[in-house]
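Close look at the chain arrangement
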Amino acid sequence: MVLRQLKPAGVLPIRALTVWLLMSLAAIGLLAVYKYTSGVSDLSERTRSMEMLLAERLAQHDAHLSGLGAVVRMSPDEPSTSIQGLAENIIARYPRITDITTITIGRETVRAISYGKASGPAITDLRQNLDLTGLEKIGDTSVRPATEPHAYEIFKLVAPERVLRLRIDTDALLDMGDEGGEYSSTLSLNGTVLFETSDGSPALWTASHALDTGNHSQPLHLTVSRGFRLNELCPPHLALPLLAALAAITWLIMKYRDASRERQSQERRAMLLEQEAKLAQAGRVNAMGEMASGIAHELAQPIAAMLSQSQAAKRALSINRPDILKSAVDANIRDARRAGDILSRMRAYVSGAPARIEEVRLTEAITEALHLVDADLAQRGITLVVTQSDAVGTGHIDVISFQQVLHNLVRNAADAIAGRQDPKITVDVRRQGNEVLVMVADNGPGIEPSSLERIFDPFFTTKTDGMGLGLPLSARLLEKMNGSIEACNDGGARFTIHLPTGVLP
Ligand code: ADP
């Protein structure tokens, strides 16, 4: 089971909260837009039905005017019981018609008779001038707001000098008083507001529809509005469950994302481990190749020497020179031992075994090592000058490794001065503080300055038949003895071996 690492406090909640807030804003926005558009379509629906109702009622007024007009014409003498009967009937059935009056215009007086009341017709002498503009021929109508509020009056010339008047209560016209909170309506006549309802508290947003009734005798203008409040656009009974659902979705999304990140990082870790394993394998193969080259390099010299000594022995045999034969066989034995030693040291080196440190007299170890190359140097006409004194004393070294290093340095020096005038190699051994320095110098061309940094890198060589392993191997062998090596140019090349403290006097 993988135990999840705890996130730093606050990081996940803040990110989750941000995601939740953004999603909530989007969802609430969509809910509000949905509520608004459905509210606007309700408003259109409502306006349409109000328009139809209004048109129907205004047509009824026209019909009443026609019916009453006919009765008025048939009743020259007023007050008339037929007009009263019809008016009573109309007022009882249509409560919005609050008054039915006939107006008779005489020479001196204007007499108005109000019909429809249970108490019977009421006669009033108007005397004052009555504005009857627009009533010129029989059938003409005019309409105007009544003197009392929330009412308007329709006048119709029904007979010569006889006008019929209906008063309409606008409160009852559309039953608008019961329309409910979110809608408001305004009914106006020629710019005068007859009726107005308000939808109460201020709204965030308001949508309106306006229409003209299109009725010739009653040119009313109706405006219906709907206000949208916050709790209508975003009703709590929908918004709260929505926010809770979004919180749950956010939580699930975060969990899923964390799980997939964890999976990805596990995959990455596995991939890195695999790459590391491949690199380690490549490194091992490389090191093995390097070692194999190193072994071949080191063995090439004693094997070549044994070959030439064996040929010399064969020649000595043919000319019957046992003395030469003996020295050649001795040399072969020495070189074969050396090859064997090299192999056993390389095996120890590869297996990571420590160097075989022993206390030896350094002058003896150096003399023995140089003895191996003596004959070769003499053959190549190279002078070897060795400066050392017994004061150098003993040292704790791995003799074979140390001799290998020295052998490498002398052989490189010999290569560098081959074919030069007075070729000379000097080996200088001295104490300096707690160190013993072994310096091998030649009078060759020196090391190319650009190569100086790289000569201890494996496989760096400037020789056509070189392997570039002598110096790196020497450096490693000295490291195992807690020593080191450095190179510089001083006339020719000079290599200095440092054998550290622990080298005893
Ligand atoms: P190799 O002898 O196979 O080239 P080494 O690691 O022993 O490998 O030497 C590496 C290089 O260092 C040589 O190729 C040469 O360029 C340079 N070098 C070593 N010793 C000397 C020297 N005494 N004088 C000039 N150059 C040298």
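Okay, so let's go over this structure. (Residues numbered from 1 in each chain as written. Predicted model: local features only at pLDDT ≥ 70, side-chain atom pairs only at ≥ 80, totals over all residues. Heavy atoms only, no water.)

Here's the deal with the site of the ligand
Around the ligand lies a shell of 21 residues, among which N412, D442, T461, T462 and K463 are the nearest. N412 places a side-chain nitrogen or oxygen 2.8 Å from an oxygen atom of the ligand. Here an oxygen atom of the ligand and a side-chain polar atom of K463 are 2.8 Å apart. Protein burial of the ligand: of its 530 Å² of free accessible surface, 95% is covered by the chains. Sorting the residues of the shell around the ligand by element identifies α8 (399-417), α9 (470-480) and β17 (492-499) as the ones contributing at least two each. Counted by class, the shell around the ligand contains 11 nonpolar, eight polar and two charged residues. (Near = heavy atom within 4 Å. Polar contact = N/O pair within 3.5 Å; in protein donor to acceptor, adjacent residues only side chain to side chain. Areas by Shrake-Rupley, 256 points an atom, 1.4 Å probe, with all protein chains shown as cover. Helix = DSSP H or I, 4+ residues; strand = E, 2+ residues; numbered from the N terminus. Nonpolar A, V, L, I, M, F, W, Y, C, P; charged D, E, K, R; others polar.)

Points about the pairing of strand β10 (residues 220-228)
Counting buried residues along β10, seven of its nine residues qualify, which places the element largely inside the surrounding structure. Where strand β7 (residues 183-189) meets β10, seven bridges bridge the pair, whose relative direction is antiparallel. Residue pairing across strands places S188 opposite H221, the latter belonging to β10. (Buried < 20%, exposed > 50% of the residue type's maximum accessible area, 1.4 Å probe, protein only. Pairing = 2+ DSSP bridges.)

Re the side chain of H64
With respect to the secondary-structure elements, H64 resides in helix α1 (residues 11-73). Those residues in contact with H64 that lie beyond four places of it in its chain are G69, I90, Y94, I97 and L166. (Contact = heavy atoms within 4.5 Å.)

A closer look at the sheet that holds β7
Strand pairing in a sheet takes place through backbone hydrogen bonds and is either antiparallel or parallel in direction. The strand order across the open sheet built from four strands is β8-β7-β10-β9, with neighbouring strands paired in antiparallel fashion. Two strands in the sheet have a free side with no partner beyond their single neighbour: β8 (192-196) and β9 (205-212). Going across the sheet, the axis of each strand differs from the next one's by a mean of 20 degrees, ignoring polarity. One ladder, built from four bridges, connects β7 with β8; its direction is antiparallel. Note on β8: the bridge partner recorded for L189 is T192. (Axes fitted to C-alpha atoms, helices over the stretch in contact; angles between N-to-C directions.)

Quick word on α9
With respect to burial, α9 is a largely interior element, eight of its 11 residues being buried. Listed as buried for α9 are G470, L471, P472, L473, S474, A475, L477 and L478.

A few points about unusual backbone geometry
Of note, the bond from E78 into P79 is cis; its omega dihedral lies within 30 degrees of zero at -5 degrees. Tracing the sequence through the fold places P79 in the loop between α1 and α2 (81-93). If you check the backbone angles, H150 has positive phi at about 60 degrees while not being a glycine. Examined against the element boundaries, H150 turns out to sit in the loop between β4 (141-145) and β5 (151-159). The backbone of N190 sits at a positive phi, close to 45 degrees, despite the residue not being glycine.

Considering the packing of aromatic side chains
In the structure shown here, the tally under the stated rule is two aromatic pairs. Arranged with centres 6.4 Å apart and planes meeting at 85 degrees, the rings of Y36 and W205 form a pair that is edge-to-face. With a gap of 169 residues between them, Y36 in helix α1 and W205 in strand β9 connect regions that are remote in the sequence. Ring centres of Y36 and F228 lie 4.8 Å apart, and the angle between their planes is 55 degrees; on these two criteria the pair is classed as tilted. Of this pair, Y36 sits in helix α1 while F228 sits in strand β10, placing them 192 residues apart in sequence. Given a relative accessible area of 27%, Y36 falls into the partly exposed group. By relative accessible area, which is 1% here, F228 ends up buried. (Phe/Tyr/Trp six-rings, centres within 6.5 Å; stacked < 30°, edge-to-face > 60°.)

Some remarks on α2
Residue pairs spaced three or four apart in an α-helix point in one direction, given the helix's 3.6 residues per turn. Here α2 is 13 residues long and its end C-alpha atoms lie 18 Å apart, about the 18 Å a rise of 1.5 Å per residue gives. Within the span of α2, buried status applies to I83, Q84, A87, I90 and I91. Buried residues along α2 cover an arc of 135 degrees about the axis, so they all sit on one side. The exposed set on the far side of α2, more than 90 degrees from its buried face, consists of T81, A92 and R93. The residue sitting at the N-terminus of α2 and contributing the capping side-chain oxygen is S80; that oxygen lies 3.2 Å from the backbone nitrogen of S82. (Expected span 1.5 Å × (residues − 1). Arc of directions from axis to C-beta.)

Brief notes about the pairing of strand β6 (residues 162-169)
A large share of β6 lies buried, amounting to seven of its eight residues. Across seven bridges, strand β1 (residues 97-105) lies against β6 in antiparallel orientation. Bridging from a neighbouring strand, I100 pairs with L166 of β6. Relative to β6, β5 runs antiparallel, the two being bridged by eight bridges. Paired with A159 across the bridge in β6 is R162. Connecting the antiparallel pair β5 and β6 is a turn made up of two residues, with E161 showing a positive phi of about 60 degrees.

What about the packing of helix α7 (residues 362-379) against α8?
In the contact formed by α7 and α8, the axes pass within 9 Å of each other and the chain directions differ by 35 degrees. In the crossing of α7 with α8, the sense of the turn from one axis to the other is right-handed. Counted together, A365, I366, E368, A369, L370, V373 and L377 of α7 and V399, F402, Q403, L406, H407, V410 and A414 of α8 form the full contact between these two elements. Residues that form the contact of α7 with α8 fall into these classes: 11 nonpolar, two polar and one charged. (Left-handed = near helix turned anticlockwise from the far one by under 90°.)

So, to be careful, I would describe these as geometric facts and stop short of saying anything about function.
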